Amino acid sequence: SGKRKKALDAVELQCLSFREPFCSLLLNNVKTLETRKWPVLADSVGPIGIHCAFHDWEGIEEAREFVRCKLGEEQAVKATEMPAHMRRGAVVGLVSRMGRTWLCRSPGDSTQHSEADPGPAVRGQSEDV
């Protein structure tokens, strides 16, 4: 047809990788707190890419049961299943705002490490990310 496809501009951004069900819980605004052993987000103010790992978390059934107890069966199913059009092994959403970030050097230590805009704001591919 002679038409050329428009090339997409490349974008560099930090990403965090999540196994299921945590990726879906984050994209569905159920998971609003992230813990890591290192201050990976300390200097970030967003956006942060959300990558869905290929493999499920080893304790996925226990995590789903916990969500069922908190949300009920119907809401838990919606919160822990990725939409069919989202692919594993890809960036499936963005966190555009993050709350406070702390580096806790030991249990019980809540020394503030850095702070970004408060409040979760997650966008998934269904919103044309």
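For the structure itself, consult the block above.
Keep in mind the model is a prediction, meaning the values are calculated, not measured.

What counts and what doesn't
Residues numbered from 1 in each chain as written. Predicted model: local features only at pLDDT ≥ 70, side-chain atom pairs only at ≥ 80, totals over all residues. Heavy atoms only, no water. Buried < 20%, exposed > 50% of the residue type's maximum accessible area, 1.4 Å probe, protein only. Helix = DSSP H or I, 4+ residues; strand = E, 2+ residues; numbered from the N terminus. Pairing = 2+ DSSP bridges. Phe/Tyr/Trp six-rings, centres within 6.5 Å; stacked < 30°, edge-to-face > 60°. Salt bridge = Lys/Arg side-chain N within 4 Å of Asp/Glu carboxyl O. Arc of directions from axis to C-beta. Contact = heavy atoms within 4.5 Å.

Remarks on the pairing of strand β2 (residues 48-52)
For step 1, the next point in the chain: With four of five residues buried, β2 lies mostly within the body of the structure.
For step 2, the next point in the chain: Pairing analysis gives four bridges linking strand β1 (residues 15-18) to β2, with the strands arranged parallel. Bridging from a neighbouring strand, serine 17 pairs with histidine 51 of β2.

Digging into the packing of aromatic side chains
For step 1, the next point in the chain: Under the criterion given, the structure shown has one aromatic pair.
For step 2, the next point in the chain: For the ring pair phenylalanine 22 and tryptophan 57, a centre distance of 5.0 Å and an interplane angle of 70° mean the geometry is edge-to-face. Of this pair, phenylalanine 22 sits in helix α1 (residues 22-27) while tryptophan 57 sits in the loop between β2 and α2 (60-71), and the two are 35 residues apart along the sequence.
For step 3, the next point in the chain: Residue class for phenylalanine 22 comes out partly exposed when judged on its relative accessible area of 25%.
For step 4, the next point in the chain: A residue is classified by how much of its surface remains accessible, and tryptophan 57, at 34% relative accessible area, is partly exposed.

What to know about the pattern of salt bridges
For step 1, the next point in the chain: The final tally for this structure, using the stated rule, is six salt bridges.
For step 2, the next point in the chain: In this structure, arginine 19 engages glutamate 58 in a salt bridge whose closest nitrogen and oxygen atoms are separated by 2.7 Å. With arginine 19 in the loop between β1 and α1 and glutamate 58 in the loop between β2 and α2, this residue pair connects regions lying 39 residues apart in the sequence.
For step 3, the next point in the chain: Salt-bridge contacts for arginine 68 lead to glutamate 65; the nearest nitrogen and oxygen are separated by 3.2 Å.

Side note on helix α3 (residues 73-80)
For step 1, the next point in the chain: Where α3 is concerned, the buried positions are Ala76, Ala79 and Thr80. Looking straight down α3, one finds that the buried residues subtend no more than 85° of arc, so they occupy a single side. Turned more than 90 degrees from where α3 packs its buried face, Glu74 and Lys78 sit exposed.
For step 2, the next point in the chain: Those residues of α3 that are buried are in contact with α1 and α2.

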